[in-house]
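Each chain, written out:
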Amino acid sequence: MNSPLLAFAALDARIALRCRALSLRRFECPTRIGVHAFERQQAQRMWFDVDLCVKLDDAPADRDDISQTVDYDFIRHSILAIVGEQHHELQETLCDAILQALLQRPDVHAARVMTRKPDVYEDSESVGTERVATKPW
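Quick caveat: nothing in here was measured; it's all calculated off a predicted structure.

Visitor: Provide a residue-level description of the pattern of salt bridges, including the pertinent values.
Guide: Counted under the stated rule, the structure contains 12 salt bridges. One salt bridge in this structure joins Glu 39 and Lys 117, with 2.8 Å as the shortest N-O distance. One end of the pair, Glu 39, is in the loop between β1 (19-31) and β2 (44-55); the other, Lys 117, is in strand β3 (residues 108-117), and 78 residues separate them in sequence. Across the pair, Lys 117 and Glu 39 agree in class, each one buried. The shortest N-O distance in the salt bridge between Asp 119 and Arg 45 comes to 2.8 Å. Of the two residues, Asp 119 is situated in the loop between β3 and β4 (127-134) and Arg 45 in strand β2; the sequence distance between them amounts to 74 residues. Here the residues in one salt-bridge network are Arg 25, Asp 51, Arg 112 and Glu 130, joined through shared partners.

Visitor: Give me the lowdown on the environment of Ala 59, citing residues and values where you can.
Guide: Inspection of the secondary structure puts Ala 59 in the loop between β2 and α3 (72-83). Sequence separation between Ala 59 and Arg 20 is 39 residues; the distance between their C-alpha atoms is 7.4 Å. Each residue touching Ala 59, except ones within four places of it in the same chain, is listed here: Arg 20, Val 54, Gln 68 and Thr 69.

Visitor: Tell me about the packing of α3 against helix α4 (residues 91-103), and please be specific about residues and values.
Guide: For the pair α3 and α4, interaxial distance at closest approach is 10 Å and the crossing angle is 135°. Put simply, α3 runs oblique to α4. Crossing hand, α3 versus α4: right-handed. Between α3, through Phe 74, Ile 75, Ser 78, Ile 79, Ile 82 and Val 83, and α4, the contact on the second element is made entirely by Leu 94, Ala 97, Ile 98, Ala 101 and Leu 102. By residue class, the composition of the contact of α3 with α4 is 10 nonpolar, one polar and no charged.

Visitor: For unusual backbone geometry, give the residues involved together with the corresponding values.
Guide: The residue Arg 26 is not glycine, and still its phi comes out positive at about 50°. Note on placement: Arg 26 falls in strand β1. Here Arg 26 falls in the partly exposed class, since its relative accessible area comes to 47%. The residue Ala 61 is not glycine, and still its phi comes out positive at about 50°. Relative to the elements of secondary structure, Ala 61 occurs in the loop between β2 and α3.

Cut-offs applied
- Residues numbered from 1 in each chain as written.
- Predicted model: local features only at pLDDT ≥ 70, side-chain atom pairs only at ≥ 80, totals over all residues.
- Heavy atoms only, no water.
- Salt bridge = Lys/Arg side-chain N within 4 Å of Asp/Glu carboxyl O.
- Helix = DSSP H or I, 4+ residues; strand = E, 2+ residues; numbered from the N terminus.
- Buried < 20%, exposed > 50% of the residue type's maximum accessible area, 1.4 Å probe, protein only.
- Contact = heavy atoms within 4.5 Å.
- Axes fitted to C-alpha atoms, helices over the stretch in contact; angles between N-to-C directions.
- Parallel < 35°, antiparallel > 145°, perpendicular 65-115°, else oblique.
- Left-handed = near helix turned anticlockwise from the far one by under 90°.
- Nonpolar A, V, L, I, M, F, W, Y, C, P; charged D, E, K, R; others polar.

Take a look at the structure:
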């Protein structure tokens, strides 16, 4: 079993019992990215995986209402805003920018972002990078 919550708890044990994990998997978005001339000609497919940890005090879900948690639209909109129409050189800097944007939200305590380009090599599923960050408790 792959549990994002337990993985974050390796950084801070309180996360396992005092947070809720939210995930977005393989969000596909055309992205203008790359350092090679041929990569500058058109957008490439990219996949984005995100895990967020939100303190239960900020997302109690004690009522069946969207105000009781973080809306997943926020994650998608954050990625789309960073990807934008401009060209990005590196996955690493794009990944970092998305991570920082997600952490700007007060109710997000920790985040993990993975970016992947699936069409780089014929003999590989994808190439990518990943970042994790937490806020002070």
